[in-house]
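Given next are the chains, with one letter for each unit.
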Amino acid sequence: MTPPVKIETLLQLLDDPNQQAASLIMAELLECEAELPPYLAALQEADDPLLRRRVHQLETIMNLRRRRREFAEKLRRNRLGLLDGLIEIHLQWYDNDAAESIRADWEKLLREAEKTPPESLEKLAYFMRKAGFSSPQPNDLQADYYCLGVVLDDHTGADVLLCAMCRILAQHWGCELQIIQVMENFALIDKDMRVLTPKDGWRVHPPIRSGGYNIWDRTKVLKFAMSMLFLCAVSTDSFRYVNTIGGVLEKIYGLEGGDFLPFPYSRSFGKK
């Protein structure tokens, strides 16, 4: 198969020893992303190690872009489970991590929970305290608090993420809980309207009055976690993450071109 003239010309220049020039060539090639796969596949066994490395880099970038598009589409259509969504959100920030590794850590947590199955709010609170999970200090904003893999390692996470973990854990043992927002805090509520709050040491509260809280479904929780990652990127002036995470949010909410952001971020969307 003969590639189009533009692609063929750019591929011939891909082994340029100047990294800056090569980056510009790769950026141009990525503009033809849909057409590239068969031509890159043909170069995977090229004799030139520099050419092979850059082909691999292009394929990695394309795979990341595809994963982000699929994630955004599933979330936009409410077709993403809570655990899968939390794993995907972690991978938006730590895109070199493996989903299998995070899932293995989650399975390890499930095995630990088998010793004291979290079948009720009290048992769930006991397990989370015993495991050492806690929320950070107020106004402590870090991306790690919204990345499931890091929270499983460090046992510190945003209350909304801890609540999401608890809902999945409890559901595994047949205990149905809902995630709610009470003023500025997130909590869990059971069928008897009792409330469990991570921020005050996993305290179980008496039944709350109806209307004193807002219920958050899994899609709203996942969108919020993504938005908080984006806020972390902006607050740390991380151009790369503003670009990639902002691009996902753009697709989820149907925004065009990132025009809701000031320069220079608005010009970065859609680029790697």
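In this text, all values refer to a predicted model and were calculated from it rather than measured experimentally.

(A) The arrangement of the overall build of the chain in detail. On a plain count of helices and strands, the chain comes out with eleven helices and five strands. Nonlocal contacts in the chain, meaning residues at least 24 apart in sequence, comprise 59% of its contacts between residues at least 6 apart. Of the roughly 14300 Å² of accessible surface on the chain, a fraction of 50% belongs to carbon and sulfur atoms.

(B) Representation of the pattern of salt bridges in the model. Summed over all chains, the structure comprises 14 salt bridges. Notably, a salt bridge pairs Glu 119 with Lys 123, separated by 3.3 Å at the nearest N-O pair. Here the salt bridges do not stand alone but share partners, grouping Glu 33, Arg 65 and Arg 69 into one network.

(C) Representation of the state of the cysteines. Within this structure, the stated rule accounts for zero disulfides. Here Cys 175 is not disulfide-linked; the sulfur of Cys 166 is the nearest cysteine sulfur, at 10 Å. Assessed through its relative accessible area of 11%, Cys 175 is described here as buried.

(D) Structural context of the pairing of strand E1 (residues 178–182). Examined bridge by bridge, E1 and strand E2 (residues 185–189) share five bridges and lie antiparallel to one another. Within the sheet, the bridge partner assigned to Gln 181 lies in E2 and is Phe 186. Across three bridges, E1 lies against strand E5 (residues 214–216) in antiparallel orientation. The residue of E5 that forms the bridge with Gln 181 is Asn 214.

(E) Representation of unusual backbone geometry. With a phi close to 60 degrees, Asn 78 is a non-glycine residue in the positive phi region. Within the element layout of this structure, Asn 78 appears in the loop between helix H4 (49–76) and helix H5 (82–93). Look at Asn 78 and you get partly exposed, because its relative accessible area is 43%. At Trp 202, a residue that is not glycine, the phi angle is positive and equals roughly 65 degrees. Within the fold, Trp 202 resides in the loop between strand E3 (195–197) and strand E4 (203–205).

(F) Structural context of the nonpolar core. Counting 65 residues, the largest nonpolar core has Trp 93, Trp 106, Leu 124, Phe 133, Leu 148, Met 165 and Leu 169 as the members making the most contacts within it. Residue contacts for Leu 148: discarding those within four places in its chain leaves Leu 83, Leu 86, Ile 87, His 90, Ile 102, Leu 161 and Met 165. Grouped together as the second largest cluster of nonpolar side chains are 18 residues, Met 26, Leu 29, Leu 36 and Val 55 included.

(G) Up close: the confidence of the model for the chain. Averaged over the chain, the pLDDT score is 90; the fraction of residues at 70 or greater is 93%. Taking the mean pLDDT of every element in the chain, the minimum, 86, falls on helix H11 (residues 239–253) and the maximum, 98, on helix H8 (residues 148–154). Here residues 267–272 is modelled with pLDDT under 50, and outside its nearest four sequence neighbours on either side it reaches 23 contacts, counting other chains as well.

(H) Representation of the packing of aromatic side chains. For the coordinates displayed, the defined rule picks out four aromatic pairs. Where Trp 216 meets Phe 224, the ring centres are 5.3 Å apart and the plane angle is 85 degrees; that geometry is what we call edge-to-face. Residue classification places Trp 216 among the buried residues on the basis of a relative accessible area of 7%. One aromatic cluster is present, formed by Phe 186, Trp 216 and Phe 224 through successive ring pairs. We note Lys 220 situated over the ring of Trp 216; from NZ or CZ to the ring centre the distance is 4.6 Å. The ring of Tyr 241 carries Arg 240 above its face, with NZ or CZ at 5.0 Å from the centroid.

(I) Local environment of the environment of Ile 245. Residue placement: Ile 245 occurs in helix H11. Between the C-alpha atoms of Ile 245 and Met 226, which are 19 residues apart in sequence, the distance is 7.5 Å. In contact with Ile 245, not counting residues within four places along its chain, are Gln 92, Trp 93, Met 226, Leu 229 and Phe 230.

(J) Structural context of the packing of H5 against helix H10 (residues 218–235). Interaxial distance between H5 and H10 falls to 10 Å at its minimum, and their mutual angle equals 10 degrees. Between H5 and H10, the interaxial angle falls into the category roughly parallel. Across the interface between the two elements, Leu 82, Gly 85, Leu 86, Ile 89, Gln 92 and Trp 93 of H5 pack against Arg 218, Val 221, Leu 222, Ala 225, Met 226, Leu 229, Cys 232 and Ala 233 of H10. Across the contact of H5 with H10, the residue classes break down as eleven nonpolar, two polar and one charged.

Thresholds, definitions, all that
- Residues numbered from 1 in each chain as written.
- Predicted model: local features only at pLDDT ≥ 70, side-chain atom pairs only at ≥ 80, totals over all residues.
- Heavy atoms only, no water.
- Helix = DSSP H or I, 4+ residues; strand = E, 2+ residues; numbered from the N terminus.
- Contact = heavy atoms within 4.5 Å.
- Areas by Shrake-Rupley, 256 points an atom, 1.4 Å probe, with all protein chains shown as cover.
- Salt bridge = Lys/Arg side-chain N within 4 Å of Asp/Glu carboxyl O.
- Disulfide = S-S within 2.5 Å.
- Buried < 20%, exposed > 50% of the residue type's maximum accessible area, 1.4 Å probe, protein only.
- Pairing = 2+ DSSP bridges.
- Core = buried A, V, L, I, M, F, W, Y, C linked by side-chain atoms within 4.5 Å.
- pLDDT = per-residue confidence, 0-100.
- Phe/Tyr/Trp six-rings, centres within 6.5 Å; stacked < 30°, edge-to-face > 60°.
- Lys NZ or Arg CZ within 6 Å of the ring centre and 35° of its normal.
- Axes fitted to C-alpha atoms, helices over the stretch in contact; angles between N-to-C directions.
- Parallel < 35°, antiparallel > 145°, perpendicular 65-115°, else oblique.
- Nonpolar A, V, L, I, M, F, W, Y, C, P; charged D, E, K, R; others polar.

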